[in-house]
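Notes for the structure review
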Amino acid sequence: LLTKSFTTDMMGYGYMSNTGATQKGGKVKKYGEKFKAGDKVSVILDMNAKSLSFILNGEDQGIAFKNIPAGDYRLAVSLCEKLQKITLSKTTIWDAK
């Protein structure tokens, strides 16, 4: 069980629903639109461009993070309120090889 948000770690990247900001290593930056229950958030990790971006309800929010180091990444979601839920609907992997 985590006792703090993964976005306080230098290798944790987050898009915050309540503000639309991003967070990495505990540092918060203005980014995109807020999101709420029922919204669809797509996560785009482009290792060729070394970038991480988000799409909210079909609208590209732009590049959130640049110069993403090579490595293995895992998707994580932090739910902070009772009865919150997520649905993972589709994963697409593009391989440049």
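Figured I'd write up the structure that's included with this text. Note that the coordinates shown come from a computational prediction; the quantities given were computed from them, not determined experimentally. Residue indices follow the written sequence of each chain, beginning from 1 at its first position. Thresholds applied to this predicted model are a pLDDT of at least 70 for local features of residues and 80 or more for the giving and counting of side-chain atom pairs; totals over whole chains, interfaces and linings are not thresholded and use all residues. Calculated side-chain values reflect all of the structure's heavy atoms, with hydrogen atoms and water omitted.

**Some remarks on the pairing of strand 5 (residues 51-56)**
Note the following rule: Remark: exposure states derive from per-residue accessible area (1.4 Å probe, protein chains only) relative to the maximum for the residue type, with buried under 20%, exposed over 50%, and partly exposed in between. Strands here are runs of E lasting at least two residues and helices are runs of H or I lasting at least four, both read from the DSSP assignment and numbered beginning at the N terminus. Being paired, for any two strands, means DSSP has found at least two bridges between them.
Taken across its 6 residues, strand 5 has 5 buried, putting it largely inside the fold. Relative to strand 5, strand 4 (residues 41-46) runs antiparallel, the two being bridged by 6 bridges. The residue of strand 5 that forms the bridge with valine 43 is phenylalanine 54. With antiparallel pairing between neighbouring strands as the criterion, strand 4 and strand 5 make up a hairpin whose turn holds 4 residues, including lysine 50 at a positive phi of roughly 55°. Two elements, strand 5 and strand 6 (residues 59-66), share 5 bridges in a ladder whose sense is antiparallel. Note on strand 6: the bridge partner recorded for serine 53 is isoleucine 63. The hairpin turn running from strand 5 into strand 6, its antiparallel successor, is 2 residues long, and asparagine 57 in that turn takes a positive phi close to 50°.

**Describing the side chain of glutamine 61**
For clarity, the threshold we go by: Any N or O atom pair separated by 3.5 Å or less is treated as a polar contact, with the protein-specific requirement of one donor-capable and one acceptor-capable atom, and with residues adjacent in sequence counted only for side-chain atom pairs. By definition in these notes, contact holds between two residues if any of their heavy atoms fall within 4.5 Å.
Along the polypeptide, glutamine 61 turns up in strand 6. On the accessibility criterion, glutamine 61 (13% relative accessible area) is buried. Within the structure, glutamine 61 has its side chain in polar contact with the backbone nitrogen of glutamate 33 (distance 2.8 Å). Excluding residues within four positions of it along the chain, glutamine 61 makes contact with Tyr15, Tyr31, Gly32, Glu33, Phe54, Ile55 and Leu56.

**Structural notes on the sheet that holds strand 2 (residues 22-24)**
Cut-off, in case you're wondering: A fitted line through C-alpha atoms serves as each axis, taken over the contacting stretch for helices, and the angle formed by two N-to-C directions is quoted from 0 to 180°.
Pairing within the open sheet is antiparallel, and its 3 strands lie in the order 1-2-3. Of all strands in the sheet, those with a lone pairing partner are strand 1 (13-15) and strand 3 (27-29), marking the two edges. Each strand axis lies, on average, 20° off the axis of its neighbour in the sheet, ignoring direction. Summarising the sheet, strand 2 and strand 3 pair through 3 bridges and their orientation is antiparallel. Note that in strand 3 the partner of glutamine 23 across the bridge is valine 28.

**Regarding unusual backbone geometry**
A positive phi angle, near 50°, is found at asparagine 57, a position not held by glycine. Relative to the helices and strands, asparagine 57 is located in the loop between strand 5 and strand 6.

**Description of the packing of aromatic side chains**
Basically, it comes down to this: Only rings of Phe, Tyr and Trp enter the pairing, Trp through its six-membered ring, and a pair is recorded when the two centres are within 6.5 Å. The plane angle decides the type: under 30 degrees is stacked, over 60 is edge-to-face, the rest tilted.
Inspection of the entire model under this criterion finds 6 aromatic pairs. On the numbers, 4.8 Å between centres and 50° between planes, the contact of tyrosine 15 with phenylalanine 35 is tilted. With tyrosine 15 in strand 1 and phenylalanine 35 in the loop between strand 3 and strand 4, this pair connects stretches of sequence that are 20 residues apart. Of the residues examined, tyrosine 15 reaches a relative accessible area of 9% and is grouped as buried. Measuring from ring centre to ring centre gives 6.2 Å for tyrosine 31 and phenylalanine 54, while their planes differ by 75°; the resulting arrangement is edge-to-face. Pair noted here: tyrosine 31 is in the loop between strand 3 and strand 4 and phenylalanine 54 is in strand 5, with a separation of 23 residues, a long-range link. A relative accessible area of 18% places tyrosine 31 in the buried class. Under the relative-accessibility criterion, phenylalanine 54 is labelled buried at 6%. Ring pairs connect the aromatic residues Tyr15, Tyr31, Phe35 and Phe54, which therefore count as one cluster.

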